[in-house]
Amino acid sequence: FPAVASETITPGRSGGLVVGDFNGDQLVDFVTTGPQGGPDSGLQAFINDGAGSFTSRAFALGTGWNTFDPVLVAGDVDGDGDLDIVTIDAQEVVESLSFQTAVVFENDGTGLFVQRDIPIGSVVPTSLGLADVDLDSQDEIIIGTRPLGSLAGNNLIVFDVMPTAIVAIGSAVTNGMSEDIEAADFDGDGDEDLAVGFRDPGRATQIFVNDNGVLVPGSRIAHDFTDDIDLADFDGDGDIDIAVAEINTFRSVLILLNDGNANLMESVRINVGRSVTAIAVGDWGGSSAPDIVVSDRSDRGLTLFINQTPTDPPGMFSGIAPLDGASNLALPASFAGWSSDAMLPALRWGNASGFQVVYDVVIATDSGLTQPVFTATDLPQSEAALPVGILAADTEYFWSVTARNPAGEQIIADGPLSFQTTTQAPSCRADFNGDAAIDAFDIFDLLDEIAIGCD
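Please explain the side chain of D233 as it appears in this structure.
Its place among the elements puts D233 in the loop between strand 17 (226-232) and strand 18 (241-246). Of the side chains bearing the opposite charge, R404 lies closest to the buried D233, which forms no salt bridge; the N-O distance is 16 Å. A distance of 2.9 Å separates the side chain of D233 from the backbone nitrogen of G238, its partner in a polar contact. Ignoring any residue separated from it by four or fewer positions in sequence, one finds D233 in contact with G238, D239, D241, P290, G354 and F355.

Here it is, written out as C-alpha cells:
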C-alpha cells in the first residue's frame with residue numbers, strides 16, 4: 001500500500017491505536033498515545049479534515065503513565081451517542097499505584113475529551129474490553145485485574161459509566177491472568193457474552209456467559225501462552241468461534257469452534273512456526289469465509305492464512321417466535337426490546353448456517369406477502385424488533401424471512417408463518433397491557449400512555 005499521508009507525532013515511540021469518527025463528521029479519525037516521558041506522553045487524537053491531513057489534539061494521562069504498551073478501546077460508554085476512549089496501563093512490571101492505571105476519556109462529540117479515572121483499587125489491570133453486560137443498550141467497561149505482586153486472585157470487573165460516578169456493578173473470578181477480552185453472543189440468547197484469553201497461570205480461553213447481567217464462567221479450553229484472541233464464524237455454521245494466538249511452544253493459531261450453546265471445542269491448529277503476537281480477521285480471499293492475518297516475533301512481518309472452508313448458500317432455519325398460528329398476541333408497546341409470552345415485541349428465528357449471512361424480513365396481511373406492513377433488509381442478527389403502530393388489533397398477519405449470502409439464499413422453513421393479534425380486555429384495572437399478568441410490563445405500558453397524553 002502506498003503512503004498517502006503521514007503525521008509525525010513526536011520523536012520516540014507511540015503506543016496503542018484505535019480508529020473511528022470521533023467528531024461526528026463521518027470521516028475516520030484515529031487516537032493513539034505519545035511516547036513515554038515526552039512532552040506529548042498522553043492521549044493524542046488525530047482529527048481527519050477529509051483532505052489527507054490531520055489536526056492533533058493532546059490530552060495528558062498523568063505522571064508515571066507507561067505509554068509504551070497501553071491498551072486502548074473505543075466505544076460509547078456514557079450513552080451520549082459518540083465514541084469515547086478507554087485505556088489501561090497493562091505493563092506487567094507496574095507495581096506502584098502512585099498514578100492512575102485505568103482511565104475513561106469522555107468525548108463531547110467534537111473530538112474533545114475529558115478524563116475520568118476508573119476506580120479499580122489496589123490491583124494491576126491486565127486486559128480491557130467493552131460489552132453491554134447489564135442489557136441497558138450501553139457498553140460497560142470490563143477490566144481484567146490481578147493483585148499487586150501476585151499472579152493469583154485474578155478477576156474481571158464490570159464498570160458502568162454514570163453522569164456523576166463510574167461504578168463497579170459486577171465481577172467474576174478468573175482462573176488465570178487475562179490478556180484479551182472480546183464480546184459476542186456465543187449462546188444465541190440475544191445478549192453479549194465474553195471470551196477471555198489467559199496467560200500464566202491457567203493458559204486457556206474461556207467463555208463467560210451473560211446470565212441477565214451476571215457473568216457465569218463457562219466452557220474453557222487450555223492452550224499455549226496467548227496475548228491475543230479474535231472472533232469470527234470460521235466454519236460457517238452461524239455461530240461465533242474464536243481464534244487464539246499462541247506464543248511459546250506451539251507458535252500457532254488455534255481455532256476453537258462454538259457449538260451454538262457457548263461450548264468450545266478445539267478444531268485446528270494453524271502452524272506459523274514463530275511466536276504469534278497478534279491476529280486479525282477479514283475476507284482477503286474473496287470467498288466470504290473469514291481469513292486470518294498474523295504478526296509474529298520475527299523479521300518476517302505479516303502472514304496471511306486463507307480459509308478453505310467451502311462457501312455454501314445459507315442452510316435451513318426455522319421460526320422461533322411467535323409460533324406459527326399463534327393467537328391472542330398483544331400489540332408491541334414502546335418498549336419493543338422487552339419480551340413476554342403474551343406480547344409480540346419482535347420476530348425471532350434460528351441462525352442459518354453459512355458465511356456472511358444476512359436476513360430480509362416481511363410481514364403482510366396476506367399469505368402471498370403482496371401487502372406488506374413491515375419490511376427489514378440486511379439484518380445481521382436473527383431477530384427483528386417491531387416498531388410501535390405497524391400492527392392492527394384483531395388481525396391475522398403472515399411473515400417470512402429470507403437468509404442471503406454471496407453463494408445463494410434460503411427461505412425460512414414452512415413459511416410464511418402466521419400470527420393473530422388481539423385487544424384482549426384487561427382482567428383487572430392494574431393489567432394495563434391485557435396479558436392477564438400484573439408485572440413490570442404493565443408499568444411500562446402505563447408510562448407510555450402518560451407520555452402520549454390525551455387527544
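How should I be thinking about the pairing of strand 1 (residues 17-20) in this particular structure?
Look at any regular strand and the pattern is simple: side chains alternate between the two faces of the sheet. Only one face of strand 1 is covered, namely the face carrying V18 and G20; the face carrying L17 and V19 is uncovered. With four bridges connecting them, strand 1 and strand 2 (residues 29-33) associate as antiparallel partners. The residue of strand 2 that forms the bridge with V18 is V31.

Quick question: what am I supposed to make of the environment of G42 here?
Topologically, G42 is positioned in strand 3 (residues 42-48). In sequence terms G42 and T32 are ten residues apart; their C-alpha atoms lie 8.4 Å from each other.

Which parts of the structure should I look at to understand the packing of aromatic side chains?
Pairs of aromatic rings are described using the distance from one ring centre to the other and the angle between the two planes. Applying the stated criterion across every chain, the model contains six aromatic pairs. Residues F30 and F46 carry aromatic rings whose centres are separated by 4.8 Å and whose planes lie at 10 degrees to one another, so their mutual orientation is stacked. Here the residue F30 occupies a position in strand 2, and F46 occupies one in strand 3, the gap between them amounting to 16 residues.

Is there a simple way to think about the sheet that holds strand 7 (residues 102-107) in this case?
Strands pair in a sheet through their backbones, by hydrogen bonds, and they do so in one of two ways: parallel or antiparallel. Spatially, 5-6-7-8 is the arrangement adopted by the four strands of the open sheet, whose pairing is antiparallel. On the outer flanks of this sheet lie strand 5 (71-75) and strand 8 (113-117), each paired with one strand and no other. Neighbour to neighbour, the strand axes of the sheet diverge by 20 degrees on average, direction disregarded. Across five bridges, strand 5 lies against strand 6 (residues 84-88) in antiparallel orientation. Residue pairing for strand 6: G75 is matched across the bridge by D84.

Any chance you could explain the nonpolar core here in plain terms?
Most often, soluble globular proteins keep nonpolar side chains buried together rather than apart. By size, the foremost hydrophobic cluster in this structure holds 23 residues, and its most contacted members are W349, V361, I363 and W399. Listing elements by their share of this core, those giving two or more residues are strand 25 (326-329), strand 26 (346-349), strand 27 (358-364), strand 28 (372-379), strand 30 (396-405) and strand 32 (417-421). Looking at this core element by element, the count peaks at four residues for strand 30. Beyond its immediate stretch of four places on either side in the chain, V361 contacts L347, W349, F374, T375, A376, L379, A384, S400 and V401. V77, I118, I141 and I143 belong to the second-largest nonpolar core, a separate cluster that totals 17 residues.

I keep staring at the sheet that holds strand 14 (residues 193-199) and nothing clicks. Help me out?
The strand order 13-14-15-16 describes an open sheet built from four strands, whose pairing is antiparallel. Where the open sheet ends on each side, the last strands, each with one partner, are strand 13 (177-184) and strand 16 (214-222). Direction aside, the axes of adjacent strands within the sheet are offset by 25 degrees on average. Sheet analysis places strand 15 (residues 204-211) next to strand 16, joined by seven bridges and oriented antiparallel. When the bridges of strand 16 are listed, A204 appears paired with A222.

Which parts of the structure should I look at to understand the pattern of salt bridges?
Here the idea is simple: oppositely charged side chains can pair when their charged atoms come close. Per the stated rule, a full pass over the model turns up eight salt bridges. Across the pair D227 and R199 runs a salt bridge, and its minimum N-O distance is 3.6 Å. Here D227, found in strand 17, pairs with R199, found in strand 14; they are 28 residues apart in sequence, far enough to count as distant. The exposure class assigned to D227 is partly exposed, which follows from its relative accessible area of 23%. The residue D378 makes a salt bridge to R404 at a minimum N-O spacing of 2.4 Å. One end of the pair, D378, is in strand 28; the other, R404, is in strand 30, with 26 residues separating them in the sequence. In this structure D378 comes out as partly exposed when scored by relative accessible area, which is 47%.

For this particular structure, what's the right way to read unusual backbone geometry?
Apart from glycine, the bulk of residues carry a negative phi angle, and the bulk of peptide bonds sit in the trans form. The linkage connecting A321 with the following residue, P322, adopts the cis geometry, with an omega of -5 degrees. Checked against the element boundaries, P322 lands in the loop between strand 24 (319-321) and strand 25. That bond from G415 to P416 is cis: its omega, 0 degrees, falls within 30 degrees of zero. Tracing the chain through its elements places P416 in the loop between strand 31 (408-411) and strand 32.

Sorry, what's going on with a nonpolar patch on the surface here?
Taken together, the side chains of L17, V19 and V28 define a hydrophobic patch exposed on the protein surface, amounting to about 300 Å² of accessible area. Positionally, V19 belongs in strand 1.

In this structure, what is going on with the pairing of strand 26? I would like to understand it.
Taken together, the two bridges between strand 24 and strand 26 define a ladder with antiparallel strand orientation. Each residue of the ladder has a partner; that of A321, found in strand 26, is R348. Relative to strand 29 (residues 383-385), strand 26 is paired through three bridges, and the arrangement is antiparallel. If you follow L347 over to strand 29, its bridge partner there is A384.

How each quantity is defined
- Residues numbered from 1 in each chain as written.
- Predicted model: local features only at pLDDT ≥ 70, side-chain atom pairs only at ≥ 80, totals over all residues.
- Heavy atoms only, no water.
- Helix = DSSP H or I, 4+ residues; strand = E, 2+ residues; numbered from the N terminus.
- Buried < 20%, exposed > 50% of the residue type's maximum accessible area, 1.4 Å probe, protein only.
- Lys, Arg positive; Asp, Glu negative; His and termini not counted.
- Salt bridge = Lys/Arg side-chain N within 4 Å of Asp/Glu carboxyl O.
- Polar contact = N/O pair within 3.5 Å; in protein donor to acceptor, adjacent residues only side chain to side chain.
- Contact = heavy atoms within 4.5 Å.
- Pairing = 2+ DSSP bridges.
- Phe/Tyr/Trp six-rings, centres within 6.5 Å; stacked < 30°, edge-to-face > 60°.
- Axes fitted to C-alpha atoms, helices over the stretch in contact; angles between N-to-C directions.
- Core = buried A, V, L, I, M, F, W, Y, C linked by side-chain atoms within 4.5 Å.
- Patch = residues over 30% accessible without salt bridge, like charges linked within 9 Å, V, L, I, M, F, W, Y side chains within 5 Å.
- Areas by Shrake-Rupley, 256 points an atom, 1.4 Å probe, with all protein chains shown as cover.

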